[in-house]
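# An overview of the molecular structure
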Amino acid sequence: MTSCPSSVQGREYSATIENTIASAISHSELLMKRETELKVLLKAREDALENVQNELKKSASLFHEISRERNELQGDLNTEKELHDKAKAAIADLQRKASDAEG
């Protein structure tokens, strides 16, 4: 078995270490790039979620306003119905009195 001179082994070992370091640096750079991309995506999702929450708040506010207006209109409608019923009763009463006066 032949052995390599120690200087050759030292250079091979040194090259292996340099390659490992270069690979680690490259991998680290890729991880940092991916981390940055993920942070951008996370920020975009957070912004989108905030927009959705704001729209939900607006929708809830509109729903409450519409509900309040509907209740007011229902009250007005009930009042109108009551007035209509009273007017019908008064007309019927007047018609009855007119019939009694004629007859």
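Rules of the game
Residues numbered from 1 in each chain as written. Predicted model: local features only at pLDDT ≥ 70, side-chain atom pairs only at ≥ 80, totals over all residues. Heavy atoms only, no water. Helix = DSSP H or I, 4+ residues; strand = E, 2+ residues; numbered from the N terminus. Rg over C-alpha atoms; globule rule 2.2 N^0.38 Å. Buried < 20%, exposed > 50% of the residue type's maximum accessible area, 1.4 Å probe, protein only. Areas by Shrake-Rupley, 256 points an atom, 1.4 Å probe, with all protein chains shown as cover. Lys, Arg positive; Asp, Glu negative; His and termini not counted. Charge placed at Lys NZ, Arg CZ, Asp CG, Glu CD. Patch = residues over 30% accessible without salt bridge, like charges linked within 9 Å, V, L, I, M, F, W, Y side chains within 5 Å. Salt bridge = Lys/Arg side-chain N within 4 Å of Asp/Glu carboxyl O.

Time to look at the overall build of the protein chain. In terms of regular secondary structure, the protein chain is built from one helix and zero strands. Rg of the C-alpha trace for the protein chain: 44 Å, well past the compact-globule value of 13 Å for 103 residues, more than 25% over. The C-alpha extent of the protein chain, read off along each of the three principal axes, is 145 × 25 × 10 Å. For the protein chain, with 103 residues in total, the buried portion stands at 0%. Accessible area for the protein chain stands at about 9500 Å²; split by element, carbon and sulfur atoms hold 59% of it. Put simply, the protein chain has 15 plus and 19 minus side-chain charges, and the middle of one group is 2 Å from the middle of the other.

Let us now look at a nonpolar patch on the surface. Together, Y13, I17, I21 and I25 make up an exposed nonpolar region whose accessible area comes to about 410 Å². By the element assignment, I17 lies in helix α1 (residues 6–102).

Next up on the list: the pattern of salt bridges. Per the stated rule, a full pass over the model turns up eight salt bridges. Here R68 ties to E72 by a salt bridge, and the two come within 2.9 Å at their closest N and O atoms. In this pair, R68 and E72 both sit in helix α1, four residues apart, roughly one turn of the helix. Classification of E72 by relative accessible area gives partly exposed; the value is 44%. A single network of salt bridges, built from pairs that share partners, joins D93, R96 and K97.

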